[in-house]
Amino acid sequence: MSMVDEPLYPIAVLIDELKNDDIQLRLNSIRKLSTIARALGEERTRKELIPFLSENNDDDDEVLLAMAEELGVFIPYVGGLEYAHVLLPPLETLCTVEETCVRDKAVESLCRIGSQMRETDLVDWFIPLVKRLAAGEWFTARVSACGLFHIAYPSASEMLKAELRTIYSHLCQDDIPMVRRSASTNLGKFAATVEPAHLKTEIMQIFEDLTQDDQDSVRLLAVEGCAALGKLLEPQDCIAHILPVIVIFSQDKSWRVRYMVANQLYELCEAVGPEPTKTDLVPAYVRLLRDNEAEVRIAAAGKVTKFSRILSPELAVQHILPCVKILSVIMGMAHVLGKDSTIDQLLPIFLSLLKDEFPDVRLNIISKLDQVNQVIGIDLLSQSLLPAIVELAEDRHWRVRLAIIEYIPLLASQLGVGFFDDKLGALCMQWLQDKVYSIREAAANNLKRPAEEFGPDWAMQHIVPQALCKHLMH
Amino acid sequence: MKGGEGGDGALEWKFSQVFGERTAGEEVQEVDIISAIEFDKSGDHLATGDRGGRVVLFERTDKKEHGGNRKDLEKTDYSISKHPEFRYKTEFQSHEPEFDYLKSLEIEEKINKIRWCQSANGALFLLSTNDKTIKYWKVQEKKIKKVADISMVPSKATGKANVANSSVASTPKPHLANGGHTDKSYTSLSNDLLFPPGGVSSLRLPVVVVTCNETNLVARCRRVYAHAHDYHINSISNNSDGETFISADDLRINLWNLEISNQSFNIVDVKPTNMEDLTEVITSAEFHPTHCHTLAYSSSKGSIRLIDLRQSALCDKHSKLFVEQEAPGSRSFFTEIIASISDIKFGKDGRYLLSRDYMTLKLWDINMDSGPVSSFQVHEHLRPRLCDLYENDSIFDKFECCLSGDGQRVATGSYSNLFRVFGRHPGTTEATTLEASRNPMRKQVQTPSRPSRSLSSITRAVRRGADSPGVDANGNSFDSTTKLLHLAWHPTENSIACAAANSLYMYYA
């Protein structure tokens, strides 16, 4: 008896602290929920602890989040799979709170539990839960419902499946944009559980409606659906239904949608396969590389290397390279193209990119210097490099100045002492007196590395005197 | 919309309620002066903000079923024959005065704008802002619960006096017989502890009891969107996507996500490289009611720009520019100053945009940028007095404007606590002047009998827009210190809420 008593005090305290005023204590108790459950035993956990937690739905978000997480792994503590369904009510409540992170965690936990539940239990408990949430008065419940369909659907009867598909379709047309967004995000997961026959008809219909939604944010999410759905369809259906959507999206009025297309392009290409990629997606991609909006160009540029791998080198040179003149991330191309092509074709591009109007583009080139060096050698660039560095070092936006400072150690090691002494030293001294604190700090920190590399003698000769000089002048 | 209508379709306005009315001779406390008024989307709630940083909420009382199923209510043959009535609901301190140490400036706690957000789970949400910081508030009814029973393990073991004594929430850390500190014991409470199979029966869970049926209205600040504006925030506006909103100061407009308070995107920046070249600032900004990508903002030079957020990440290029061409020969020293737009509002359908500059209200069709569809003179009799108004700075007063829910009428405030309502149909001559008082028609009614007739005869006799004689105390005394800057029109009813200093007046028609 006494052996058991001693550890009970902390547990009793833990239990009491579930309702303590201090949030840290409540949090701590919630995180030890499994211990409390073991102390109470399975039956009491089912009959007392879980109902107790179900009522605890207006606590702080942190506490609710911890609770949602704990419940997701609680099956062993309530007596195993047979009783898994008792965990659903508290999680259902958590699915309706307005704090998004709590809802998301509750949905995650419900999915985790649902994927382990027996089919009969899913039909008896889980599916009704999903239907309740989908019919919820407040949008929060309906948003959460969308994330549960892929678990509920497989175990349903034919009739129930039809019902679930209809409900999902209604959620995709909900008045509240947030619900439509959730439906759009989860469409891929849901579609993966739907039979091919219904996929081609109902699901694709839902998808097409979402791609024409008024709200940019809903269409944005449908772009991701393209890749997911593409993988599920037969190639010819993919070409018929998904490809046109991608092409339309690549010309969407909203730059954010085009940005998403640029970001997803590789996955989209994989989904449609090499032939359609060559005929339809290359032109779309080229358009994105030339887009009006810099953000879209940069996103597209980031995929150049990946995209070019799908194409043959000749095609890459023929189609992609010409418009890559205005881009930054072409270093990787060097390996794809080989050394000679690189020198002929890429060097002029590098040089012109060092003069691009966007600081980001110039910074990007400079950050990839080691890659350039490997293929074509730094000497060819060093003439153009310095003006580019000086311009960035004096940019009026301090964050641009900060970025170039961070590259100083790299430049120093690549270009060597001579270059540094002649050209960069003066710049560094200038930065040590910049009016922005972060710049001065970064400059001081970034001088350490060259000093380490070039050795203490060099530092004694080149850094210390100048720094002291500046210091004495003030 | 229902409502009493006068002769040519003009509405007859009647006093409904007043909140915070001062007794005669009572001094107005500066902190109580109302600085923002906003109805929520349903019209069931009204929020006001004051110079002291408080937000006061009112709720509608005249609907029979409060909180009933909205769909059922709509289906029943229930006509709201009474006008909207409101009662005080709750209040909370939204902003406190702050001090900017870097610039040695005080940051006023005055609420500049309030905007309601999407309701969820029966709680109310709104954004309120002062000059620098925007806050997202949740107001919810909470049942008063008490933890009625906490039970520890009965004090069987000796030597643990402090544990046995503790009963309620603040349990002191118990010390174990083996001297271990509680924290250590927690970590040692790992899964290697063995419990008897049925669990320990002596442990009991706290029982939470609802001790009474009372509820408390609790306001909690859910997000603080700070440090994003160098200049004073003049507007906030929610996007129809339910997820984002903008905040605008003199030179910049930032886009926020409601969920993320430590980051915002700058989408408009009109700051010139050289501040000496500054000629135009942003005065007001609003999202289109249904198009999530359209934003309008007005300037101190009298122009309104419509921008399409889809076009680029930084929206410095407008897609439409609305400026009224200056009438030739009308230029005066004050022309530019009075052209400054103090407020813009979209109509519910999103087709019309209302703007208020110092002397007029202008209604624009967003499809037509050559000029406004209509122009209403608010207080033309002040034109000869612009010099005086400039001397006492009144010329810089920022009046708000509003449209009725059906878009048929527009309203704005003026001096001497007057406000004006205009019908916007071509062909209508409706132009009403009311005073924010218990008897809003007092100054207009010429014959005491049959007030409605004399009212309409006055409005018919009067030139469109200009004041009728006698509306304004003639000659020298219009009162520039009593200005009605803030007003709001109920979204579905012909009901106006307006502020005269610290008093909130409500009228219906």
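It should be emphasised that the depicted structure is a prediction, and the values quoted were computed from it without experimental measurement.

Asker: Before we move on, could you go through the sheet that holds strand S5 (residues 86-93) of chain B and cite the residues and values that matter?
Answerer: Two orientations exist for strands paired in a sheet by backbone hydrogen bonds: parallel and antiparallel. All names here are of chain B. Taken together, four strands build an open sheet; the order of strands is S2-S3-S4-S5 and the sheet is antiparallel. Looking at strand neighbours, the two that pair on one side only are strand S2 (34-39) and S5, the edges of this open sheet. Within the sheet, the average angular offset between the axes of one strand and its neighbour, ignoring direction, is 20 degrees. Judged from the five bridges that link them, S2 and strand S3 (residues 45-50) form a sheet pairing that is antiparallel. Paired with Glu 38 across the strands is Ala 47, a residue of S3.

Asker: How would you explain the sheet that holds strand S15 (residues 260-269) of chain B if you had to name every residue and give the values?
Answerer: All names here are of chain B. Overall, antiparallel pairing links the four strands, which are arranged S12-S13-S14-S15 in an open sheet. Edge positions in the sheet fall to strand S12 (235-238) and S15, since each of these pairs with one other strand and no more. The average undirected angle you get between the axes of adjacent strands in this sheet is 25 degrees. Pairing analysis gives four bridges linking S12 to strand S13 (residues 244-248), with the strands arranged antiparallel. What sits directly across from Ile 236, in S13, is Ser 247.

Asker: For unusual backbone geometry, give the residues involved together with the corresponding values.
Answerer: Residues and elements named next belong to chain B. Despite not being glycine, Ser 104 has its phi angle at roughly 55 degrees, a positive value. As for its position among the elements, Ser 104 is in the loop between strand S6 (98-100) and strand S7 (105-107). Phi at Asp 393 is positive, roughly 70 degrees, even though this residue is not glycine. Locating Asp 393 in the fold gives a position in the loop between helix H5 (386-391) and strand S24 (401-403).

Asker: Explain the packing of helix H16 (residues 255-272) of chain A against helix H18 (residues 294-301) of chain A residue by residue, including any values.
Answerer: All names here are of chain A. Interhelical geometry of H16 versus H18 gives an angle of 5 degrees and a closest axis separation of 8 Å. If you check the angle between H16 and H18, you find them roughly parallel. Along its contact with H16, which presents Trp 255, Arg 258, Tyr 259 and Ala 262, the element H18 presents Glu 295, Val 296, Ala 299 and Ala 300. Looking at the contact of H16 with H18 residue by residue, the classes come out as six nonpolar, no polar and two charged.

Asker: For helix H17 (residues 274-289) of chain A, give the residues involved together with the corresponding values.
Answerer: Residue and element names in this part refer to chain A. An ideal rise of 1.5 Å per residue puts 22 Å on 16 residues; H17 reaches only 20 Å between its terminal C-alpha atoms. The sharpest bend along H17 reaches about 45 degrees and sits at Leu 281, with the proline Pro 283 one to four residues further on. Among all positions in H17, only Pro 276, Thr 277, Leu 281, Val 282, Ala 284, Tyr 285, Val 286, Leu 288 and Leu 289 are buried.

Asker: Describe the packing of aromatic side chains, listing the residues and the values that go with them.
Answerer: Residues and elements named next belong to chain B. For the coordinates displayed, the defined rule picks out 29 aromatic pairs over all chains. With 5.8 Å between their ring centres and 55 degrees between their planes, Phe 39 and Phe 86 make a pair best called tilted. You can see Phe 39 sitting in strand S2 and its partner Phe 86 sitting in strand S5, a full 47 residues away along the chain. The same class applies to Phe 39 and to Phe 86, which are both buried. Note on Phe 58 and Tyr 88: the rings are 6.4 Å apart at their centroids and 85 degrees apart in plane angle, and the pair reads as edge-to-face.

Asker: An account of the side chain of Ser 247 of chain B is requested, with residue identities and associated values reported.
Answerer: Residue and element names in this part refer to chain B. Relative to the elements of secondary structure, Ser 247 occurs in strand S13. Reaching out from Ser 247, the side chain makes a polar contact with the side chain of Trp 256 at a distance of 2.8 Å. For Ser 247, the residues in contact, after removing those within four places along its chain, are Ile 134, His 229, Ser 235, Ile 236, Arg 252, Ile 253, Asn 254 and Trp 256.

What counts as what
- Residues numbered from 1 in each chain as written.
- Chains lettered and ligands numbered in written order.
- Predicted model: local features only at pLDDT ≥ 70, side-chain atom pairs only at ≥ 80, totals over all residues.
- Heavy atoms only, no water.
- Pairing = 2+ DSSP bridges.
- Helix = DSSP H or I, 4+ residues; strand = E, 2+ residues; numbered from the N terminus.
- Axes fitted to C-alpha atoms, helices over the stretch in contact; angles between N-to-C directions.
- Parallel < 35°, antiparallel > 145°, perpendicular 65-115°, else oblique.
- Contact = heavy atoms within 4.5 Å.
- Nonpolar A, V, L, I, M, F, W, Y, C, P; charged D, E, K, R; others polar.
- Expected span 1.5 Å × (residues − 1).
- Bend = angle between axes of the 7 residues up to and from the residue.
- Buried < 20%, exposed > 50% of the residue type's maximum accessible area, 1.4 Å probe, protein only.
- Phe/Tyr/Trp six-rings, centres within 6.5 Å; stacked < 30°, edge-to-face > 60°.
- Polar contact = N/O pair within 3.5 Å; in protein donor to acceptor, adjacent residues only side chain to side chain.

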